[in-house]
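Chain by chain, the residues:
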Amino acid sequence: MTEALVKSGVANRVLRDEHLADWLEGSAQRRYNLVNRAMAAGEMVRLARGIYVLDPKIAGSAPHAFVVAQHLRPGSFVSFEAALTWHGCIPEAVRLITSVVPGRRKAQFSVPLYGDFRFVPLALRTGCNLVAVRRVQFTGGIALVADPLRALLDLMCWRKIPSESAVDFLEGLRLEFGCFDELGADDLARMRGVYQHRRMEQVVDQFWQWYRRR
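Our subject in this report is the structure included herewith.

## Some details on the pattern of salt bridges
Evaluation of the coordinates by the stated rule reveals nine salt bridges. Two residues, Arg159 and Glu81, come together in a salt bridge whose shortest N-O distance is 2.5 Å. One end of the pair, Arg159, is in the loop between helix 7 (148-158) and helix 8 (166-172); the other, Glu81, is in helix 6 (residues 80-86), and 78 residues separate them in sequence. By relative accessible area, which is 42% here, Arg159 ends up partly exposed. The closest approach of N and O atoms between Glu201 and Arg198, which form a salt bridge, is 2.6 Å. Within this pair, Glu201 and its partner Arg198 are both found in helix 10 (residues 198-213), separated by three residues, close to a single helical turn. Residue classification places Arg198 among the exposed residues on the basis of a relative accessible area of 54%. Linked through salt bridges whose partners overlap, the residues forming this network are Arg125, Arg192, Arg198, Glu201 and Asp205.

Okay, structure coming up:
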């Protein structure tokens, strides 16, 4: 099975049960048996129910962790500290990858080869879920990643930072200001309309005043 997947050019992709039928011949039972055999041989790793990757020693590389996050919760996007670190906005390495997920249900996974993933809902206005979120090509596929300002504001929304404490919180992050060089008043105005809470409009205004003083 692993040879067939390598020849199909999908060795470094996240593999789902519903996709294996496109790459492997035979019945569902045959695919099930092949998957179990590959896992027993250490050639395939189960990330979550119905979601797998080939061992990197066989595939040559592994899908990026952000791509894995996308498969764990389709419709989510990577944000918070993970996105800020990826953009080079904060110096700390991040072990936990946290994503914004539609709806109201949060979830957390501990995933072999990758570590921990967390998915949290935010109180967003209708139609604003993917404002300032981009599609990025990584090893193994495409993932949705929040832009720097969106990731920062998502973090402040999730942590319920009050507007009067926003500046102290921003100072503590040791932000790389080059990440926000392209921001303009229109970007800030757009972000003021993303979140349901009035508090976040005030946080956006506090960020802009603080940033312009730097």
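We are not done yet, so read on.
## Considerations on the packing of helix 9 (residues 185-192) against helix 10
Between helix 9 and helix 10, whose axes approach to 9 Å, the crossing angle comes to 160°. Relative to helix 10, the element helix 9 lies roughly antiparallel. Judged by the twist between their axes, the crossing of helix 9 over helix 10 is right-handed. For the pair formed by helix 9 and helix 10, the contact residues are Ala185, Leu188, Met191 and Arg192 on the first element and Arg198, Glu201, Val204, Asp205, Phe207 and Trp208 on the second. A per-class count over the contact of helix 9 with helix 10 returns six nonpolar, no polar and four charged.

How each quantity is defined
Residues numbered from 1 in each chain as written. Predicted model: local features only at pLDDT ≥ 70, side-chain atom pairs only at ≥ 80, totals over all residues. Heavy atoms only, no water. Salt bridge = Lys/Arg side-chain N within 4 Å of Asp/Glu carboxyl O. Helix = DSSP H or I, 4+ residues; strand = E, 2+ residues; numbered from the N terminus. Buried < 20%, exposed > 50% of the residue type's maximum accessible area, 1.4 Å probe, protein only. Axes fitted to C-alpha atoms, helices over the stretch in contact; angles between N-to-C directions. Parallel < 35°, antiparallel > 145°, perpendicular 65-115°, else oblique. Left-handed = near helix turned anticlockwise from the far one by under 90°. Contact = heavy atoms within 4.5 Å. Nonpolar A, V, L, I, M, F, W, Y, C, P; charged D, E, K, R; others polar.

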